[in-house]
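For reference, the chains in residue letters:
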Amino acid sequence: MAKFIVEGGYPLVGTAKVSGAKNAALPILAASLICRGQIRLRGCPRLRDVDNMLTILADLGVCCAWEPNGGLTLDTADGVEYVMPQRISKELRSSIFMLGPLLARCGKAVCTYPGGCEIGNRPIDLHLSGLSALGVQIREERGLILCDGSAMRGADIHLDYPSVGATENIMMAAVAAKGTTYIRNAAREPETEDLQAFLNALGCDVSGAGTSSVRVNGGLPPKAYVQYDIMPDRIVAGTLLCGAAMTGGEITLNNVVPQHVGSMLSKLREAGCVIACGEKSVALRAPKRLGEIKMIETLPYPGFPTDMQAQFFSLATIADGICVIVENVFENRFKHGPELTRMGAIYTQKDRTTVIRGVKELTGAQVVARDLRGGAALTLAGLAATGITTIHEAELIDRGYERLDAMLCGLGAHVTREV
Ligand code: EPZ
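Further remarks concern the overall build of the protein chain. The number of helices and strands found in the protein chain is 13 helices and 23 strands. What you see for the protein chain is a C-alpha radius of gyration of 21 Å, in line with the 22 Å of a compact globule of 419 residues. Projected onto the principal axes, the alpha-carbon positions of the protein chain cover approximately 65 × 45 × 40 Å. Sorting the 419 residues of the protein chain into buried and exposed places 57% on the buried side. In the protein chain, the proportion of contacts linking residues at least 24 apart, taken out of those at least 6 apart, comes to 72%. Counting 42 positive and 43 negative side-chain charges, the protein chain places the averaged centre of each group 1 Å from the other.

So, on to the pattern of salt bridges. Throughout the structure, instances matching the rule amount to 19 salt bridges. Residues Glu-67 and Arg-40 are paired through a salt bridge, measuring 2.6 Å at the closest nitrogen-oxygen approach. Here Glu-67, found in the loop between β4 (63–66) and β5 (72–75), pairs with Arg-40, found in strand β3 (residues 38–42); they are 27 residues apart in sequence, far enough to count as distant. Of the two residues, Glu-67 and Arg-40, both sit in the buried class. Close ionic contact of Glu-141 with Arg-142 constitutes a salt bridge, the shortest N to O distance being 3.3 Å. A single salt-bridge network, built from bridges that share partners, covers Asp-398, Arg-403, Asp-405 and Arg-417.

It is worth spelling out the nonpolar core at this point. Counting 72 residues, the largest nonpolar core has Leu-29, Leu-41, Leu-57, Met-98, Leu-134, Phe-198 and Leu-199 as the members making the most contacts within it. Ranked by residue count, the leading element in this core is helix α1 (residues 22–31), at seven residues. In contact with Leu-57, other than residues within four places in its own chain, are Leu-29, Ser-32, Leu-33, Val-62, Cys-64, Leu-74 and Met-98. Ala-16, Ala-244, Val-282 and Leu-284 belong to the second-largest nonpolar core, a separate cluster that totals 70 residues.

Turning next to the sheet that holds strand β10 (residues 179–184). Ordered by their spatial adjacency, four strands build an open sheet running β9-β10-β12-β11, and the pairing between neighbours is mixed. Because the sheet does not close on itself, it has two edges, and the strands there are β9 (156–158) and β11 (206–207). As defined by bridge partners, β11 adjoins strand β12 (residues 213–218) across two bridges and the pair is classed as antiparallel. Within β12, the position partnered with Val-206 by the bridge is Val-216.

Glancing now at the site of the ligand. Asp-125, Leu-126, Ser-163, Asp-307 and Val-329 are the nearest of the 24 residues found near the ligand. Asn-23 is positioned with one of its side-chain polar atoms (N or O) 3.0 Å from an oxygen atom of the ligand. With respect to the ligand, the backbone of Leu-126 contributes an N or O atom lying 2.7 Å from an oxygen atom. Here the ligand has 830 Å² of accessible area as a free molecule, and 87% of this is covered by the chains. Within the shell around the ligand, the residues separate by chemical class into eleven nonpolar, six polar and seven charged. When residues of the shell around the ligand are assigned to domains, at least three map to each of domain 1 (3–19 + 232–418) and domain 2 (22–229).

What follows concerns the domain arrangement of the protein chain. A common way to state how big an interface is: give the accessible area lost once the parts meet. As far as domains go, the protein chain holds domain 1 (3–19 + 232–418) and domain 2 (22–229). Its C-alpha centre places domain 1 at a distance of 30 Å from the equivalent point of domain 2. Across the boundary between the two partners, domain 1 contributes 24 residues, which contact 18 residues of domain 2. Taking both partners together, domain 1 and domain 2 bury about 1,900 Å²; carbon and sulfur atoms supply 49% of that area. On the domain 1 side of the interface with domain 2, the three residues burying the most area are Tyr-301, Arg-399 and Glu-402, jointly 32% of the side's total.

So, on to the pairing of strand β20 (residues 353–357). Here β20 shows a buried face lined by Thr-354 and Ile-356 and an unburied face lined by Thr-353, Val-355 and Arg-357. Pairing of strand β18 (residues 322–327) with β20 involves five bridges; the strand directions are antiparallel. Its bridge partner being in β20, Cys-323 is matched across the sheet by Ile-356. Strand direction decides the pairing type here: strand β19 (residues 346–350) and β20, joined by five bridges, are antiparallel. Paired with Gln-349 across the bridge in β20 is Thr-354. Here β19 folds back onto β20 in antiparallel fashion, the turn holding two residues, of which Asp-351 has a positive phi close to 55 degrees.

Attention now moves to the sheet that holds strand β16 (residues 281–285). Ordered by their spatial adjacency, four strands build an open sheet running β2-β14-β16-β15, and the pairing between neighbours is mixed. The sheet is open, and its two borders are formed by β2 (13–17) and β15 (274–277), each paired with just one other strand. On average, each strand axis in the sheet is tilted by 10 degrees relative to the strand beside it, whichever way the strands run. Pairing between strand β14 (residues 250–254) and β16: five bridges, direction antiparallel. Following the sheet pairing, Thr-252 is matched in β16 by Ala-283. Across the sheet, helix α8 (residues 234–246) lies against β14 and β16, angled at about 170 degrees from β14, the strand it touches most. This element, helix α9 (residues 262–270), spans β15 and β16 of the sheet and lies at about 150 degrees to β15.

A few words on α9. By the burial criterion, the buried members of α9 are Ser-263, Met-264, Leu-265, Lys-267 and Leu-268. Along its buried surface, α9 packs onto α8, β15, β16, β17 (295–298) and α10 (309–317). Two residues or fewer past α9, Gly-272 is found with a positive phi of approximately 100 degrees.

The next point concerns the packing of aromatic side chains. Counted by the stated rule, this structure contains four aromatic pairs. Note that Arg-46 overlies the ring of Trp-66, its terminal NZ or CZ placed 3.9 Å from the centroid.

Calculation criteria
- Residues numbered from 1 in each chain as written.
- Predicted model: local features only at pLDDT ≥ 70, side-chain atom pairs only at ≥ 80, totals over all residues.
- Heavy atoms only, no water.
- Helix = DSSP H or I, 4+ residues; strand = E, 2+ residues; numbered from the N terminus.
- Rg over C-alpha atoms; globule rule 2.2 N^0.38 Å.
- Buried < 20%, exposed > 50% of the residue type's maximum accessible area, 1.4 Å probe, protein only.
- Contact = heavy atoms within 4.5 Å.
- Lys, Arg positive; Asp, Glu negative; His and termini not counted.
- Charge placed at Lys NZ, Arg CZ, Asp CG, Glu CD.
- Salt bridge = Lys/Arg side-chain N within 4 Å of Asp/Glu carboxyl O.
- Core = buried A, V, L, I, M, F, W, Y, C linked by side-chain atoms within 4.5 Å.
- Pairing = 2+ DSSP bridges.
- Near = heavy atom within 4 Å.
- Polar contact = N/O pair within 3.5 Å; in protein donor to acceptor, adjacent residues only side chain to side chain.
- Areas by Shrake-Rupley, 256 points an atom, 1.4 Å probe, with all protein chains shown as cover.
- Nonpolar A, V, L, I, M, F, W, Y, C, P; charged D, E, K, R; others polar.
- Domains from an automatic or database assignment.
- Buried area = accessible area lost by both parts, 1.4 Å probe.
- Axes fitted to C-alpha atoms, helices over the stretch in contact; angles between N-to-C directions.
- Phe/Tyr/Trp six-rings, centres within 6.5 Å; stacked < 30°, edge-to-face > 60°.
- Lys NZ or Arg CZ within 6 Å of the ring centre and 35° of its normal.

Okay, here's the thing in structure tokens:
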């Protein structure tokens, strides 16, 4: 079990390059099954979730290899197994993304019913109803989902909720469905645009990603070679900006799309940070004391991202005034609250709403990461706290951050990893 030992009181200062986006890499890795040939990805982050996805792909018959320069090559030319390995796909929520590409590649797919996870029960009804609309026959038995997609046809699909995963799964299946598919009320997250760009680089014909209506002209033959650069990770960027804000620091981040972090920058400015944006960079200078952020409501993009809720919860605990945070996306995403209380944070919570009263300072404590973003939030709190904070179960943080400890040390923090 990994631990982060954080000695607080050191401002984040300097420049860092943001890694490629986990939530773009995972669906793109799944989509690689659509190609029968070689894929070369640049900017794919080295994360536990990515490693798990590569293990699933290898089990299905894909040859995966990291290059010395950090690139990732996949060879999908040989036949691909359509039955997902149960052991690991339960652990990895995003294994459900494999359904669409397997149906596009093999015309059928068998996968496990992914369990719930630390932030909510994570249903997949929108994935399954979208695939059914394409003509996929779906049977569920003994925890398995058995899909026959041999007669997929384009369809006009309306999602009840703009689910990111369901939008992406349907996009990936629809490229092999004869005719045109429309996905209405689609998720608008930038990661869906990155998937669209990858699919089009493969020779597919997808348009509209990033808006509420995605169009797929299906049935085109995919190319046998593609090279693609993964987009920057907006949540990693937001996390580092929060850390600088909380420690009175001054940082510049490269490899950031400012538009993708707009809702976070707006809240950081409300707290008194001075922010300057370049074409692919963001620079932040923190105030001595963070001002009040009155309200944060998590919403689908371009609203405030749920994946940044925990980090801003940490920030609000040491800002002036009162901050109300409403978590509209997941039903159980405040597990970092009780851990922050150990450090001196003051808040109340009812259902999906917390009211945080900023305190003068936090004090170091022994805390436990309960989920990926909550673990990152506790690490940020440790940077700002007086004394030493130990974050247990820090391997959860490795699921979504490429060596967050090393990245923070590169900006002047004192973080030690103990395994
Ligand atoms: C993606 O999860 C991200 N994961 C999540 O990031 C992110 O928090 C989430 O989108 C929202 O932006 C990846 O991309 C790998 P959803 P996903 O489907 O696709 C409900 C992180 O920390 N829903 O948009 O699972 C669901 O219960 C992770 O990097 C249904 O009801 O998110 C939730 O309340 C965490 N039925 C809401 O929609 C469905 O069939 C949003 O889920 C699907 C979803």
